[in-house]
Structure formats: structure tokens, C-alpha cells
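# Overview (structure and organization)
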Amino acid sequence: MEISLLHKTHNRQGFECEERALTDYIRKQVSQDVKKRLAACFVATDEDNAVVGYYTLSSESLGRELIPEKYLKKLPGNYNAPVILLGRLARDLKQKGTGLGEYLLLDALFRAFTLSEESIGAMAVVVDPINQKAVKFYEKYGFERLPDSEKMFLTMNTIKQLV
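Remember, predicted model here, so these are calculated numbers, not experimental data.

For the structure shown, the criterion picks out eight salt bridges. The residue Arg91 makes a salt bridge to Glu18 at a minimum N-O spacing of 3.0 Å. You can see Arg91 sitting in strand E4 (residues 81-91) and its partner Glu18 sitting in the loop between strand E1 (3-5) and helix H1 (20-35), a full 73 residues away along the chain. Here Arg91 falls in the buried class, since its relative accessible area comes to 15%. For Glu18, a relative accessible area of 38% puts it in the partly exposed group. One salt bridge in this structure joins Glu150 and Arg145, with 3.4 Å as the shortest N-O distance.

Right under this line is the structure:
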């Protein structure tokens with residue numbers, strides 16, 4: 001399955017996942033976010049060009065207070081942590097059990113790692129899981145909770161080992 005940047009020819013209206021907010025986002029909001037350069041959206045499509053899964057990436061900066069202590073020593077004293085935000089990740093209900101969610105995550109991590117190596121500085125990928133099921137999903141891939149936050153964090157060094 002190919003994953004590409006969202007294009008207006010991709011059919012998003014039939015997409016439906018377990019989380020209403022993620023369904024509504026791909027159907028109604030994503031075009032505005034892409035147009036305003038708030039996020040880049042990558043989609044997996046079927047043979048009819050219908051979106052069956054997607055994720056978004058954005059740049060973000062974490063304040064020093066959110067960074068786990070063991071990583072702080074890598075940052076100069078006055079720096080925040082440059083990270084890539086994996087803002088949303090969802091797959092269509094019809095794809096449940098196919099491994100598409102994992103495939104999308106690994107593609108997002110590989111893309112983020114490549115960006116951090118080739119074009120922008122980023123020390124980690126950050127996610128803000130939508131529910132406890134998502135927390136468990138991300139934990140399987142080594143994401144750890146950030147102190148005093150719902151967000152989770154995976155360093156580029158760990159991603160390098162995954163990809």
C-alpha cells in the first residue's frame with residue numbers, strides 16, 4: 001500500500017474510524033490545516049483512491065520542563081527540544097486487524113527520522129494519544145510518557161533502531 005501526501009483527488013468522505021473526532025478531522029478540517037501549513041497529512045488509499053488511513057506531522061518545540069531528565073543533558077542550557085508532532089493517526093474501520101495502523105505509524109516514524117537527518121532538527125517524535133487504547137498502542141513501540149503531561153515521546157535514536 002502506498003502512502004502519499006493528501007491531494008484533493010483523494011476521496012475522504014467514506015472514511016470512518018472508532019474516534020468521531022478523527023473521522024471528522026479527515027473529512028472536514030484537514031484541508032484547512034494543510035492550506036494554513038499547520039500540518040502535513042499523509043494518506044493510505046485503496047484502489048479506488050479512497051482514504052483508508054492517515055496521519056499528520058507538524059513541527060513542535062517542547063519546553064525543558066517536559067523533557068525527561070535523561071535527555072536534558074543533550075540540550076544546551078537555554079534550548080527547548082525541537083520535536084516532530086505526530087498529531088493524528090487513524091485507520092478506517094474496514095481496515096481493522098490488517099496491520100494498517102502499525103504500517104502508518106512506522107511510515108510516520110521513518111518519515112520523521114528522515115526529516116530529522118536531512119532537513120530539520122528534531123530530537124524526538126511526540127504524540128498526544130486520544131485515549132487509553134492509543135496509549136497502549138504507542139507504548140508497544142517504545143513511546144514513554146512525558147513528565148506531568150499526557151503526551152508521549154520517542155527519541156530519534158530509538159526510531160533509528162526501529163527503522
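Let us keep going from here.
What follows deals with the pairing of strand E2 (residues 40-45). The side chains of a regular strand alternate, first on one face of the sheet and then on the other. Taking burial as the measure, the six residues of E2 include five buried ones, the bulk of the element. By the bridge criterion, three bridges tie E1 to E2 in an arrangement that is antiparallel. Note that in E2 the partner of Ser4 across the bridge is Val43. Bridge count for E2 against strand E3 (residues 51-62) is six bridges, and the pairing is antiparallel. The partner of Ala44 across the bridge, within E3, is Gly53.

With that settled, the discussion passes to the packing of aromatic side chains. With the rule as written, the count across this model stands at six aromatic pairs. Ring centres of Phe137 and Tyr138 lie 5.4 Å apart, and the angle between their planes is 70 degrees; on these two criteria the pair is classed as edge-to-face. Between Tyr138 and Phe143, the aromatic rings sit 5.2 Å apart at their centres with planes inclined by 65 degrees, giving edge-to-face as the arrangement. Phe143 shares its class with Tyr138; the two are buried.

Moving on, we come to helix H3 (residues 100-118). In this model H3 runs 26 Å from its N-terminal to its C-terminal C-alpha over 19 residues, within 8% of the 27 Å that 1.5 Å per residue would give. Of the positions making up H3, those classed as buried are Leu100, Gly101, Leu104, Leu105, Asp107, Ala108, Leu109, Ala112, Phe113 and Ser116.

Note on placement: Thr155 falls in strand E7 (residues 152-155). Sequence spacing of Thr155 and Phe113 is 42 residues, and the spatial spacing of their C-alpha atoms is 9.4 Å. A polar contact is formed between the side chain of Thr155 and the side chain of Thr158, at a distance of 2.9 Å.

What follows covers the side chain of Ser116. Take Ser116: it is sitting in helix H3. Here Ser116 falls in the buried class, since its relative accessible area comes to 16%. In terms of polar contacts, Ser116 uses its side chain to reach the backbone carbonyl oxygen of Phe113, at 2.7 Å. If sequence neighbours within four positions are ignored, Ser116 has contacts with Ala122 and Met156.

About the cut-offs
Residues numbered from 1 in each chain as written. Predicted model: local features only at pLDDT ≥ 70, side-chain atom pairs only at ≥ 80, totals over all residues. Heavy atoms only, no water. Salt bridge = Lys/Arg side-chain N within 4 Å of Asp/Glu carboxyl O. Helix = DSSP H or I, 4+ residues; strand = E, 2+ residues; numbered from the N terminus. Buried < 20%, exposed > 50% of the residue type's maximum accessible area, 1.4 Å probe, protein only. Pairing = 2+ DSSP bridges. Phe/Tyr/Trp six-rings, centres within 6.5 Å; stacked < 30°, edge-to-face > 60°. Expected span 1.5 Å × (residues − 1). Polar contact = N/O pair within 3.5 Å; in protein donor to acceptor, adjacent residues only side chain to side chain. Contact = heavy atoms within 4.5 Å.

Take it as geometry only, folks, not as evidence of what the structure does.
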